[in-house]
Structures are given as structure tokens and as C-alpha cells.
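# Descriptive analysis of the structure
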Amino acid sequence: MDVSSLINTLNDAQRRAVTAPSKAMLILAGAGSGKTRVLVHRIAWQIQVEGLSPHSILAVTFTNKAAHEMRDRVEKLLKFPTQAMWIGTFHGLAHRILRRHASEAQLPTTFQVMDSDDQLRVIKRLLKSMQIDDKKWPPKQIQWFINAQKDEGLRAKHLSHNGDFFLEQMIKLYQAYEVICHRSGLVDFAELLLKAHELLRDTPELLIFYRQRFRQVHVDEFQDTNKVQYAWLRLLTEGKDNLFIVGDDDQSIYGWRGAQIVNIFNFQSDYPNHELIRLEQNYRSTAHILQAANQLITHNSNRMGKELWTDSGAGELISLYSAFNERDEAYFVIDRIQQWLEAGTLKKEVAILYRSNAQSRQFEERLMTEAIPYRVYGGLRFFERAEIKNALAYLRLLSNRNDDPSFERIINTPTRGIGTRTLDSLREFAKDQQISLWQATERRINENFFSPRAANALKKFQALMQDLETQLQESELYEKVKLVGEKSGLIEFYKKEKEDRGEARIENLEELVNAARAFDYPHEEGETLSDLDMFLAHATLESGEMQGADADDCIQLMTLHSAKGLEFKQVFMVGLEEGLFPSGRSIEDVARLEEERRLCYVGITRAMEKLCISYAESRRLYGKESYPSPSRFLREIPKDCLQEVRFRANISQDTQRHTAKKVIKNSGLYHKGDKISHAKFGAGTILQLEGEGAHEKVQIKFRESGLKWLMVAYAKLERLS
DNA sequence: TTGTTCCAGCTTTTT
DNA sequence: GCTGGAACAA
């Protein structure tokens, strides 16, 4: 068999990883070192050369995007369909196992997945029903607690409070939450993983079955696994040493979400016969960029150790711009983007990366005024929009009448005269009787409990659901979705909303019908779910899928977190200031600070050709003016990779004359030698002036705080002389 | 039931 | 300083 096509495009380390005999393997893959390539070729190699059946391959990723990419690439390489392979996200695969073995897992066959939004609602309602003050016990915190326990593999019954009042309450709430989920047939994200783990752990025949089936298990981005995920992998591969993991400890940026790098070390001791291969040759960035990244990350402790190198050229130096404030920073960035665009760069090859979403605004405003198309990543996803979730809630309730969160969501949306009093009494009754809201409604109506008006409204709702159910029975999936939109009154309801908003919502509902029409039911052996249930699960598990589609040519704006895994020819990394990046909450804690540093490492290594870093000397944050010092990360990047940029005032003679002309055009409010005072820095003397209008700035020698450039428009200077 | 006002909160995000 | 959610009034 000719296998050269599988390996002759690989470098030495990659080839060793791909062709190693079946055993536990740890591939430490630096940024841009071709890790997906190794994974894909490894799978292809095992099938084509080692004769493994596609059926016996399991490959796990974290995002749907990564899973799809992997499947596509394997398919392309092997040139045959790959349905038999289990390639998916941890959550997707856990869901698959749970729906196949729902009864063994003690779940209703039509159990549904609930997203974090739904989860939070459940918790809020729980607090209300237990009459707990949500000021003292913030729902978000409870949600965080529950998820963190589940990530650790712990149920409420495993926890003890040792007299700690806070813990005691948390455990109580966790327990109550578990009861509600169980009764409603709902499973949250963390629960998918936990339950899938428990299922295999406690059902020997299933464990044996899957252990035999999956002869090879591959994991991408292993550094992001949490405890349960690793335990699950361990169950599947224990004693067989057939676990192939790819990861980069230096790119672990999800510790706050339960990821633990320590899993890499655990892997090493749990699989003592493993082989470790480092992929250090980088095919993405210039040497200067890599040098900066390498140096920066050496400031972290407890690394596996790795140094990226490239045999392409040194490339340009990294630009460093010190802005006066966040507006100036945006001016500078957009200015530079325009220069690059004029030089022929495509917009989609340029990215602005920031630490927190709030930072995007300044850049958006500038891009908007300059009429440069851009796209902000993150934000609300299609399946998370209120109108979509409402429509889906109807469908969910149709599929499972005990789905209380869905019931709550739509019982009075659109408004049908079922008020808080009616609802409260239903809730109370449901809680007392340990039944769902739907069941409570039925019972109460039979008992003639309500006033005629309330009873009528409720009956109408029941009739609506009944109606929908009969009408939907024989129809195609997309017809069901369409019909629900119409019959539920949602479309009618949104028509009455403010023009734009309502219209957009109706369009989204139409888009939902299209999504249902395009939905490709993954028909497999052993699949028992109806197409509707499958679609609903898809909507929750792959809520991000609908937005990645457009490949328009525009500037890319995103957080550093969402940039992981991507690459751009030209990257702006902005807001490199203490308190912002590294974020204020991470500064005291070494572990968190190191995670910030890894985040910075991720940011740097996104850039292929040009990298431009900036920080502001003054920044308005939460309505307050702050004067942060430049990020410590800047000091950790070697000086000889950096080139400082002075905006419009650079060394070249031409620019200087240019600047000189502009100085004349300034407001004339201040002159060299003027004594002024500043709210924060105190008294000082003006040394230089430059720029005009919004850009007018002055260099001041402060008695206490030293030399500073300030924007006249923002500095609120007071004249002393 | 809707519109207004007030008030807390405010890193990162996928599933 | 802005935003989203909750409380409140009409």
C-alpha cells in the first residue's frame, strides 16, 4: 500500500507521532505546529496502514467547529465517508451515549439538554420557591458552585459542609436543583459529562462494550480537559494504553472553567509507558513573533517546556504603541489598518484582539466612521436569542410536558392573561405535590380550583398544546417549527413589537424554520430519538453553529479567548495594561496570573506576519478615569523584538515637519512652559505640544509623577500660571 | 400589562 | 458609564 501521501508532507516529529505503534502518546504541540494535521494523519494512518476499522475510532474535541474540521479533513485524506467514526465534542459524545442508554442512566428517553441560560432560570425559580433571598445568595454564584462540583465529579451527596453555613446552604440548593432537573427530564452541560462518566463507571457491561469498540481514542486540546472528562477518557482506555492526546500546556486558558493542566501530568503517571513528542517547529509566525512568545512564557513556572522555532525569516519587528487613552488607541489601530488595507491586505486577515468584550466599542466606533466592514465575534448566538428560545420552548414542551423551564418560558408568552398570581399558585402546588407545572395545571383545573377567568386562560393554553400536538404528528420537522411559530401566536406577538425589533425577530423565526429544513438527522444504528428531539438537542449543543457561516471580508474583532485556534496575517493586541491585561482579578494570584500570561502567549502566536501591541496611559473604565501602568507582559517581551511607534511624530524628518505644522494649528490654549495642575498627577510644567483637535496633546513634567503625554481634551488640566 | 425608573454589577466562554 | 433586570406606578 502506498502510504507515502500520509507522511511525506510531515516533518520529523510529526511523522514520529503519526506512525508510532499503538500506545499511549502525548503530543505536546506548540501553537502553529500542525497539531490538527498530526491528529488527522494519525487517524488516517491507523485506518489505512494498521487496518483499524473506522468504527473503532473515537476522537474528542472541545468545540463543534474543531470536530467538524477534523471530520472534514480525515474524510478528505481518506477519500471515504467517516460516519462510522465517533468524532465529536465531549458533550456531544456524552449526549450520544446517554441517549442510547437512557434507561441505564435513569433518564427519560426524551430527556433534553438545557443551556446555561435555562440553568440559571431554574436556579432563580428554585430560590424563589424556597424563599431564599437572591441578594444574599446570588443565582450566578450558585450556578457556578453546582457546575464546579459537577466538573469535579461530585454530587450533592458527596459533599459535606462541616458546619460551614455557606457550604451547607449551597449543598442544600445543589440537592434541590438535582431534584428539579430529574423531575423535568433536563440535563445541563456539566451533567452530560458527569452522567456519562457515572454510566460507564457503574455499568460494567457497557464499559466493556465501549472499551472493546474504541480501539483508539484521540483527544484534541487536552490541556482543557476537566476532572470528569479525564476520568471518562481514563475509563475507556485504562489498561489498554490506546490514548493519543494532543495539547499545549502553554495554551491552557480555561482554568476558570474547570480545566486542569494537571491532567497532563496525571496522564504521564497514569500511562507510564507513554511516549512524549514535542512539536516545536512553527509554520505560522515570523521569528520575531516567536521569540517574543517564547520569552514571555518562560516567566511561567511548572511548564512542560517547549520552544517554538521557524525556518522562515525573522520578519518585521513587533510594533508597540503607547496611546494617550482608549480613544487614541482606537484611532491609531484603525489608522494603521487603513495603511495596511491600502497596501493590499484583505480585511479578514486583520484581527483586533482584546481582553474583555467591553473594549470592542471604541474600535467599532472608529471602524464605523471610517466605513470599514468589521465583525465582532462572541455576543448572542442564534439559538440563544429570546424569540428562538421561545419557539424552541413550545417544541420542547410538546415533546415533554414536564419540562418546567419551558413551561415557565411560554405559559404567558405571548401574553394570554395568565398572571403571576395564577402562576405562583401553580408553582406552589407543583412543589407541594412534587409534580410538574403541567401536571399541576391539569389537577388544579380538574379540582375547579381557579376562578373562571384564570381557568379559562389555562384551558386555552392546554388546548393549544393539544392542538399543536395533533397537527404536528404527521408533519415534517420544518413544518412543525413553522406551525408552532404561527399557532402559538409568537409571530403575531412580535408583529406588534417595535418595527425593527419585531421584524428582526420574525426573520429569525423564519431562519429557524430554514435551519429545521436543513437539519441533517444523523441516522445511525441504535438511534431512538425523534427528529424533533434531535433537532432540539442540536440547538442546545451546537448553538454556535449558525453564526460561523459567513466568510465575508471584514476586520475581525474578538477576545483573546475566542482567538484561540485561529490565525491572522496581522494582529493587533490592545489594552496591554495592568488591571486590564492581566486582569485586575488575576494579579494577586500566581496561578491566575500565569493563566493570563498564557492568554498573552496565545494572542502573540495568532499573528503570522505583523503584530502590533498597544496600551493606553489613561483609560475610562466603568465610568472612572484610570491611569494604569503598562502591562508587565510588555517587560517580559525582549526589547529587540519590539519597535516603539510614536504616532504622527516619528523620527523621519518629513513627519516632524508635518507635526510642526500641526502644532501651530492647535487650540493655543497652552504653551511651552505653562504651569498646570492635573486632578491625579498634581502640578507640572508643559514641555511640548502636538496634534490638533481631538488629537491635541501635551507633554508635561509633573513634580510628583514624572513625564507624561496627555490628551488636552481629556486631561482636564487647570492652569496655574 | 405596560412603560418607566431605579439599581446593582461589571473578565474570559463552550458545551 | 452603561446595561439589563427588577420593582414600581398608572
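Residues numbered from 1 in each chain as written. Chains lettered and ligands numbered in written order. Predicted model: local features only at pLDDT ≥ 70, side-chain atom pairs only at ≥ 80, totals over all residues. Heavy atoms only, no water.

## Here we look at the confidence of the model for chain A
Per-residue confidence for chain A gives a mean pLDDT of 87, with 91% of residues at or over 70. Ignoring residues within four places in sequence, the model shows residues 648-666, a span with pLDDT below 50, making 21 contacts including any to other chains. (pLDDT = per-residue confidence, 0-100. Contact = heavy atoms within 4.5 Å.)

## Topic: the protein's contact with DNA strand B
In the vicinity of DNA strand B, 24 residues are found, and the nearest of them are Arg 355, Thr 559, Arg 585, Arg 592 and Tyr 622. Backbone atoms, meaning sugar plus phosphate, form 49% of the atoms of DNA strand B positioned within 4 Å of the protein. Between DNA strand B and the protein, one listed contact pairs a base oxygen with a side-chain N or O atom of Trp 256 at 3.4 Å. Here the surface near DNA strand B is built from residues that sort into six nonpolar, twelve polar and six charged. (Near = heavy atom within 4 Å. Polar contact = N/O pair within 3.5 Å; in protein donor to acceptor, adjacent residues only side chain to side chain. Nonpolar A, V, L, I, M, F, W, Y, C, P; charged D, E, K, R; others polar.)

## Thoughts on the protein's contact with DNA strand C
With respect to spatial proximity, the complete set of residues near DNA strand C consists of Lys 124, Arg 361, Tyr 622 and Gly 623. For DNA strand C, the fraction of atoms within 4 Å of the protein that belong to sugar or phosphate moieties is 53%. Contacts to DNA strand C include Gly 623, whose backbone N or O atom sits 3.5 Å from a sugar or linking oxygen. A per-class count over the surface near DNA strand C returns one nonpolar, one polar and two charged.

## Things to note about the pattern of salt bridges
Scanning the entire structure with this criterion turns up 48 salt bridges. Of the charged contacts in the structure, one is a salt bridge between Lys 564 and Glu 221, with a shortest N-O distance of 3.6 Å. Placement of the pair is Lys 564 in the loop between α25 (560-563) and β13 (568-573) and Glu 221 in the loop between β6 (216-219) and α11 (227-237), with a sequence separation of 343 residues. In this structure Lys 564 comes out as buried when scored by relative accessible area, which is 14%. The buried category is assigned to Glu 221, whose relative accessible area is 16%. Here Arg 303 ties to Asp 250 by a salt bridge, and the two come within 2.8 Å at their closest N and O atoms. Taken together, the residues Arg 303 in the loop between α13 (287-297) and β9 (318-325) and Asp 250 in the loop between β7 (243-247) and α12 (262-270) connect sequence positions 53 residues apart. (Salt bridge = Lys/Arg side-chain N within 4 Å of Asp/Glu carboxyl O. Helix = DSSP H or I, 4+ residues; strand = E, 2+ residues; numbered from the N terminus. Buried < 20%, exposed > 50% of the residue type's maximum accessible area, 1.4 Å probe, protein only.)

## Observations regarding unusual backbone geometry
The omega torsion across Thr 413 and Pro 414 is -5 degrees, close enough to zero to call that bond cis. Along the polypeptide, Pro 414 turns up in the loop between α17 (404-410) and α18 (420-433). In this structure, the amide linkage connecting Phe 581 to the following residue, Pro 582, adopts the cis form with an omega of 10 degrees. Mapped onto the fold, Pro 582 is located in the loop between β13 and α26 (590-604). With phi around 55 degrees, Ala 371 is a residue other than glycine that occupies positive phi space. Considering the arrangement of structural elements, one finds Ala 371 in the loop between α15 (360-369) and β11 (374-376). Using a relative accessible area of 64% as the deciding quantity, one classes Ala 371 as exposed. Unlike most non-glycine residues, Asn 448 shows phi in positive territory, near 55 degrees. Within the fold, Asn 448 resides in the loop between α19 (437-446) and α20 (452-472). Given the relative accessible area of 64%, Asn 448 is considered exposed.

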